[in-house]
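Now for the letters of each chain:
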Amino acid sequence: MKNVLVINCGSSSLKYQLINMENEEALAKGLFERIAIPGSKLTHEPIGREKFKIEKDVKNHTEAIALVLEALTDKDHGVIKDASEIYAIGHRVVQGGVKYPESVVITDEVKKEIEKFSDLAPLHNPANLMGIEAVEKAMPGVPNVAAFDTSFGISMPEKAYKYAIPNEYYENYHIRRYGFHGTSHMYVAQEAIKFAGLDKDTARVIVCHLGNGASISASIGGKCVDSSMGLTPLEGLIMGTRSGDIDPAIVQYICNKENKSVDEVLDILNKKSGVLGMSGGVSSDFRDIENAEADGNNLAKVALEAFRYRIIKYVGAYVAVMGGVDALCFTAGVGENDKITRQIVGNALGFLGAKVDDEVNNVRGKRTMISTPDSKVKIMLMPTNEELAIARDTYRLTKK
Ligand code: ADP
């Protein structure tokens, strides 16, 4: 009975996965949508069997968790007999500040810290905390663990995480680069080292996590040395709706030209920019952008080119700071599905002797070495599994 329940709680949603840690296989997963909004819906999927839906309004996350437990133990659709078969719960928490370079067993003090870091992640941390408190009520006595999106990035050296702004802002407000998607970067880097048979202490790995949100990290021996996301997930790569790197003076310029507030412009940079904005509003979904390009839409074509160009720039920078690279990994929605992005970015390292094998690269969502046998850099598609990474930490920290 070594089942770990992994929970990723948003303000009105709750994603979960139950994983058997004896074989690291998922037993069930699901999504609760519209919590505390009329039309609440739970979609539960016992792995290998049909999904089923429960449509029942819930007032809060505690009621949602109770329904998730009912689904997990349901006599027809369930995967366990009762909730006592859940060993521990792992929670994804977005911001853990410098305080938490690793996952941690949740105590009252940890909850206070998560609350304290809410001003750095106002959309996420309060929701994550709501999930933790709901589970504590629904399953008293079962240990809870927090796995932070920021933990992996905390090990960056000072020269990489500090911004060139007056130091008092760092001292007073902890303004630094944190690097998000940390659980994914850590998992993919570790798995890549094993998959490619690299030295676990010295392997230089670059992970391109390319989803709707996109980020890129460099690590040596599994330890992060740099990461493209900053104080918030807005910095770095061009994303579905986020601009990534821009000249900060653009904010003031748009404010003045359009009579907008800083908050309004930041909202545009977060929600209306990226490939959505560059394509003139086609879509934030890369499949739609690729289809528009195929139909001759020039803005979509340039958006895709710019997206890939920015990735290549970061890869080049990270190769330089690490003095080379042993493995280049692609993960998340675009990284796992879009062979053209993998081919263009991988072959951009041709000057180092890297080469993508086009035939093998014709693959989706499957752990695959996509470089040619003689490539000097191991290039791979490595599906991410944040839930498993959280479950591993949860199990390790709570195992008796
Ligand atoms: P997130 O977790 O950040 O929401 P995902 O990792 O689920 O993102 O990635 C979602 C994105 O993956 C979608 O926006 C879509 O653009 C992209 N994607 C999925 N399939 C393909 C594909 N076949 N080709 C290109 N992009 C794809």
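Everything quoted here is computed from the prediction, not taken from an experiment. (Residues numbered from 1 in each chain as written. Predicted model: local features only at pLDDT ≥ 70, side-chain atom pairs only at ≥ 80, totals over all residues. Heavy atoms only, no water.)

1. Quick notes on the site of the ligand
Going by this rule: A molecule or strand has a residue near it when one of that residue's heavy atoms lies within 4 Å. Counting of polar contacts relies on pairs of N or O atoms within 3.5 Å, with two restrictions inside protein: one atom must be capable of donating a hydrogen and the other of accepting it, and residues adjacent in sequence are counted only when both atoms are side-chain atoms. In DSSP terms, a helix is any run of H or I states spanning at least four residues, a strand is any run of E spanning at least two, and both are numbered starting from the N terminus.
Among the 13 residues in the neighbourhood of the ligand, the closest are listed as Asn212, Asp285, Phe286, Gly333 and Arg364. Taking Gly213, its main chain carries an N or O atom lying 3.2 Å from an oxygen atom of the ligand. Arg364 is positioned such that a nitrogen or oxygen atom in its side chain is 2.8 Å from a nitrogen atom of the ligand. Counting only elements with at least two residues in the shell around the ligand, the list comes to helix H10 (286-294) and helix H12 (332-337). Examining the composition of the shell around the ligand, we find that four residues originate from one element, H12, more than from any other.

2. Quick word on helix H13 (residues 339-347)
The periodicity of an α-helix, 3.6 residues per turn, causes residues three or four positions apart to be oriented the same way. The cut-off we apply is this: Residue burial is assigned from relative accessible area. The probe radius is 1.4 Å, only protein chains are included, and a residue is buried under 20% of its type maximum, exposed over 50%, and partly exposed in between. An arc is given here, and it is the one of the directions from the helix axis to the C-beta atoms. Working rule for contacts: check all heavy atoms of both residues, and any pair within 4.5 Å makes them a contact.
Listed in full, the buried residues belonging to H13 are Thr341, Arg342, Val345 and Gly346. The buried side chains of H13 occupy one side of the element, clustering within an arc of 115° when seen end-on. On its buried side, H13 packs onto strand S9 (204-210), helix H11 (298-322), strand S12 (327-331), H12 and strand S14 (378-381).

3. Quick word on the UniProt feature "active site" (unreviewed entry) in the chain
In plain terms, the rule: UniProt positions are given in the numbering used here, feature names are shortened, and annotations may be inferred rather than shown by experiment.
The UniProt entry lists Asp149 under the feature "active site" (unreviewed entry), expressed in the numbering used here. Mapped onto the elements of the fold, Asp149 is located in the loop between strand S8 (144-148) and helix H4 (158-161). Ignoring any residue separated from it by four or fewer positions in sequence, one finds Asp149 in contact with Arg92, Val93, Val94, Gly179, Phe180, His181, Gly182 and Thr183. At a separation of 2.7 Å, a polar atom in the side chain of Asp149 contacts the side chain of Arg92.

4. What about the sheet that holds strand S10 (residues 214-220)?
Cut-off, in case you're wondering: In short, DSSP must find at least two bridges between two strands for them to pair. The axes are straight lines fitted to the C-alpha atoms, using for helices just the contacting stretch, and the angles between their N-to-C directions are given from 0 to 180°.
Strands sit in the order S11-S10-S9-S12-S14-S13 across an open sheet of six strands; the sheet is mixed. Unpaired on one side and paired on the other, strand S11 (223-227) and strand S13 (368-369) mark the two borders of the sheet. Taken together, the seven bridges between S9 and S10 define a ladder with antiparallel strand orientation. In the sheet register, Leu210 faces S10, and the bridge partner there is Ala214. Across the sheet, helix H6 (residues 182-196) is in contact with S9, S10, S12, S13 and S14; its angle to S9 comes to roughly 130°.

5. A few points about the sheet that holds strand S6 (residues 86-93)
Read across the open sheet, the eight strands follow the order S5-S4-S3-S2-S1-S6-S8-S7; overall the sheet is mixed. Bordering the open sheet on either side are strand S5 (52-55) and strand S7 (104-105), each of which pairs with just one other strand. Inspection of the sheet shows strand S4 (residues 41-46) paired to S5 by four bridges, in the antiparallel sense. What sits directly across from His44, in S5, is Phe52.

6. A few points about unusual backbone geometry
At Glu24, a residue that is not glycine, the phi angle is positive and equals roughly 60°. Mapped onto the fold, Glu24 is located in the loop between strand S2 (14-20) and strand S3 (25-33). In the Ramachandran plot, His174 falls in the positive-phi region, its phi being about 60° despite a non-glycine side chain. Note on placement: His174 falls in the loop between helix H5 (167-173) and H6.

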